[in-house]
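Single-letter residue listing:
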Amino acid sequence: MRRITAALLLIALIALPGCAADEPVVVSREALGTVVSITAYGEDEAAVRTAIDDAFAVMAEIGAPLDVYEPLSDISAFNERPYTAQPLPPYARDVLDAIDELEVADAFSPALYSVTRLYDFEGAQTVPAEADIALALTAADGFVQQEPEHGLFARLKDPDPRLEPGGSLAPGLDLGGAAKGLALDFARESLRANDAVTAALISSGSSTVTLGAKPDGSVWRVGIEDPRDFSRVIAVVGFEGDGALSTSGDYQRYFEAGGERYHHILDPTNGLPARGVRSLTVAGSSLSGLDSDILSTALFVRGPERATRYAAEHGVALVVVDDEGRTLVVPAPEGSGLTVAEDSVETD
Ligand code: ADP
Ligand code: MG
């Protein structure tokens, strides 16, 4: 429900008046486990609508194999036999390569399935036992690639009877922190390849990618919501052309227990919800959706100090709200086609 609110907020923002001469087609649909909206420009409205339909189809095709909540998905099949060397689920290789290239393997783990499911955000919402977390973490640590050139992936350690597939501490891959960004990239390429579309924006709420420049020359505007007051926008990122933006927040999936907030971004070093950040947004004109999705999770885990250093060193924009509610901004490099404006706009 919260994600749906975020998606609607975004649609409200990008539909601000000022482009009356050339109205975009805007289509919002359930996809990737949330609501995705596509805003696309082009002369021929019917052809633009067809292009949008095709992009939604591509998105579903990319997202489906990586859906750990779908028992029949490729990743679920993989997780049923995690101790057996077997081909990676489709596109998992793209995610693993991006983690390496971005140099965030310490903070973004593709094999946290055993740990993330201990929290059961949609169900029991009980704080996991320390011993269970420790055991589950050994599974996350045990996944090693074998013969990467053949796409094989295996758990090298001897199977541990306490970590049984299907059991409460089932080991496995969980690429949920990257799959949406990846799917948005493929959808964007589908729109790019279609002559009917001159410019577009695709948003899943937590991740957004842009394609080309809007026909009236104005920038794409993407609002970042206040993590404790969704009616407030704390900053607006403007994209001149291609770019990507992702937000990870402690308010997207969480429960409270003993005065503490247990949310879905976990620190792979201790299996606990990462502390120190309420929301973290990364944006860059040269980032892919996949990169930005991985980075928002990884930099959230690393915390405000290391995140701001990473952003400055890698030339990506960053907006962090820390655990005391302070907003820290690392602007995009000058001339990179991206601006960050701190704002405090009330929506309703
Ligand atoms: P969203 O679901 O809004 O895209 P994120 O991109 O931040 O949010 O991804 C959060 C999901 O990523 C979690 O639900 C969990 O499945 C997974 N995850 C949580 N912590 C990590 C981590 N440190 N490394 C990799 N994946 C993680
Ligand atoms: Mg992410």
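Residues numbered from 1 in each chain as written. Chains lettered and ligands numbered in written order. Predicted model: local features only at pLDDT ≥ 70, side-chain atom pairs only at ≥ 80, totals over all residues. Heavy atoms only, no water.

Student: Help me understand helix α4 (residues 92-102) in this model?
Tutor: Regarding α4, the residues found buried are Ala92, Val95, Leu96, Ala98, Ile99 and Leu102. Summarising the axial view, the buried residues of α4 lie within an arc of 160°, below the 170-degree limit, and thus occupy one face. In α4, the exposed positions that point more than 90 degrees away from the buried face belong to Asp100 and Glu101. One or two steps after α4, the chain reaches Glu103, where phi turns positive at roughly 60°. (Buried < 20%, exposed > 50% of the residue type's maximum accessible area, 1.4 Å probe, protein only. Helix = DSSP H or I, 4+ residues; strand = E, 2+ residues; numbered from the N terminus. Arc of directions from axis to C-beta.)

Student: Before we go on, may I ask you to explain the pairing of strand β12 (residues 260-263) in this structure?
Tutor: For a regular strand, the rule is simple: side chains alternate between the two faces of the sheet. Where strand β11 (residues 254-257) and β12 come together, four bridges link them in antiparallel fashion. If you follow Tyr254 over to β12, its bridge partner there is His263. Hairpin connection between β11 and β12: a loop of two residues separates the two successive antiparallel strands, and Gly258 in this loop has a positive phi of roughly 55°. (Pairing = 2+ DSSP bridges.)

Student: I keep staring at unusual backbone geometry and nothing clicks. Help me out?
Tutor: Phi is positive for Leu32, close to 55°, though the residue is something other than glycine. Within the element layout of this structure, Leu32 appears in the loop between β1 (25-31) and β2 (34-41). Of the residues examined, Leu32 reaches a relative accessible area of 23% and is grouped as partly exposed. Phi is positive for Asp120, which is not a glycine, with a value near 45°. Mapped onto the secondary structure, Asp120 falls in the loop between α5 (113-119) and α6 (130-142).

Student: Hey, could you run me through the site of ligand 1 in this one?
Tutor: In the neighbourhood of ligand 1, 21 residues make up the surrounding shell, with Ala107, Asp174, Ser248, Leu266 and Asp293 lying closest. Ser248 is positioned with one of its side-chain polar atoms (N or O) 2.7 Å from an oxygen atom of ligand 1. Relative to its free-state accessible area of 560 Å², ligand 1 is covered by the protein chains to the extent of 97%. Per-element tally for the shell around ligand 1: the top contributor is helix α8 (residues 289-302), with three residues. (Near = heavy atom within 4 Å. Polar contact = N/O pair within 3.5 Å; in protein donor to acceptor, adjacent residues only side chain to side chain. Areas by Shrake-Rupley, 256 points an atom, 1.4 Å probe, with all protein chains shown as cover.)

Student: So what exactly am I meant to see when it comes to the sheet that holds strand β15 (residues 277-284) here?
Tutor: The pairing of strands in a sheet comes from backbone hydrogen bonds and takes either a parallel or an antiparallel form. What the eight strands build is an open sheet, ordered β1-β2-β6-β7-β10-β15-β16-β17; its pairing is antiparallel. The two strands at the open ends of the sheet, each matched to only one other strand, are β1 and β17 (327-330). On average, each strand axis in the sheet is tilted by 10° relative to the strand beside it, whichever way the strands run. As paired elements, strand β6 (residues 199-203) and strand β7 (residues 207-211) share four bridges and run antiparallel to each other. The residue of β7 that forms the bridge with Leu201 is Thr210. Most of the contacts of helix α7 (residues 179-192) go to β7, to which it runs at about 20°, and overall it touches β2, β6, β7 and β10 (243-249). Across the face of the sheet, α8 comes into contact with β7, β10, β15 and β16 (317-322) while running at roughly 30° to β10. (Axes fitted to C-alpha atoms, helices over the stretch in contact; angles between N-to-C directions. Contact = heavy atoms within 4.5 Å.)

Student: What exactly am I supposed to notice about the coordination of the magnesium ion (ligand 2) here?
Tutor: Each angle at a metal carrying four tetrahedral donors should ideally be 109.5 degrees, and each at a metal carrying six octahedral donors should ideally be 90 or 180 degrees. The magnesium ion (ligand 2) binds to the protein through Asp293 (O), Asp293 (OD) and Thr297 (OG1); the donor distances cover 2.2 to 2.3 Å. Of this pair, Asp293 and Thr297 both sit in helix α8, separated by four residues, roughly a single helical turn. Under the relative-accessibility criterion, Asp293 is labelled buried at 8%. On the basis of relative accessible area, Thr297 is assigned to the buried category, the value being 14%. (Donors = N, O, S within 2.8 Å, 3.2 Å for Na, K, Ca; no water.)

Student: Help me understand the pattern of salt bridges, please; the structure alone is not making it clear to me.
Tutor: Any two side chains of opposite charge can pair, given that their charged atoms come close. Considering all chains together, one arrives at 17 salt bridges under this definition. Arg228 serves as the salt-bridge partner of Asp250, at 2.8 Å between the closest nitrogen and oxygen. Placement of the pair is Asp250 in the loop between β10 and β11 and Arg228 in the loop between β8 (220-226) and β9 (229-239), with a sequence separation of 22 residues. For Asp250, a relative accessible area of 5% corresponds to the buried category. Look at the salt bridges and you will find they share partners, linking Arg228, Asp250, Glu256 and Arg261 into a network. (Salt bridge = Lys/Arg side-chain N within 4 Å of Asp/Glu carboxyl O.)

Student: Please clarify how the packing of helix α2 (residues 45-63) against α7 should be interpreted in this entry.
Tutor: A pair of packed helices is characterised by two quantities: the angle between their axes and the separation of those axes. Their axes nearest at 8 Å, the elements α2 and α7 cross at an angle of 150°. Looking at the two axes, α2 sits roughly antiparallel to α7. Seen from above, α2 lies across α7 with right-handed handedness. Two secondary-structure elements touch here, α2 through Ala51, Ile52, Asp54, Ala55, Val58, Met59, Ile62 and Gly63 and α7 through Leu182, Ala183, Leu184, Phe186, Ala187, Ser190 and Leu191. (Parallel < 35°, antiparallel > 145°, perpendicular 65-115°, else oblique. Left-handed = near helix turned anticlockwise from the far one by under 90°.)

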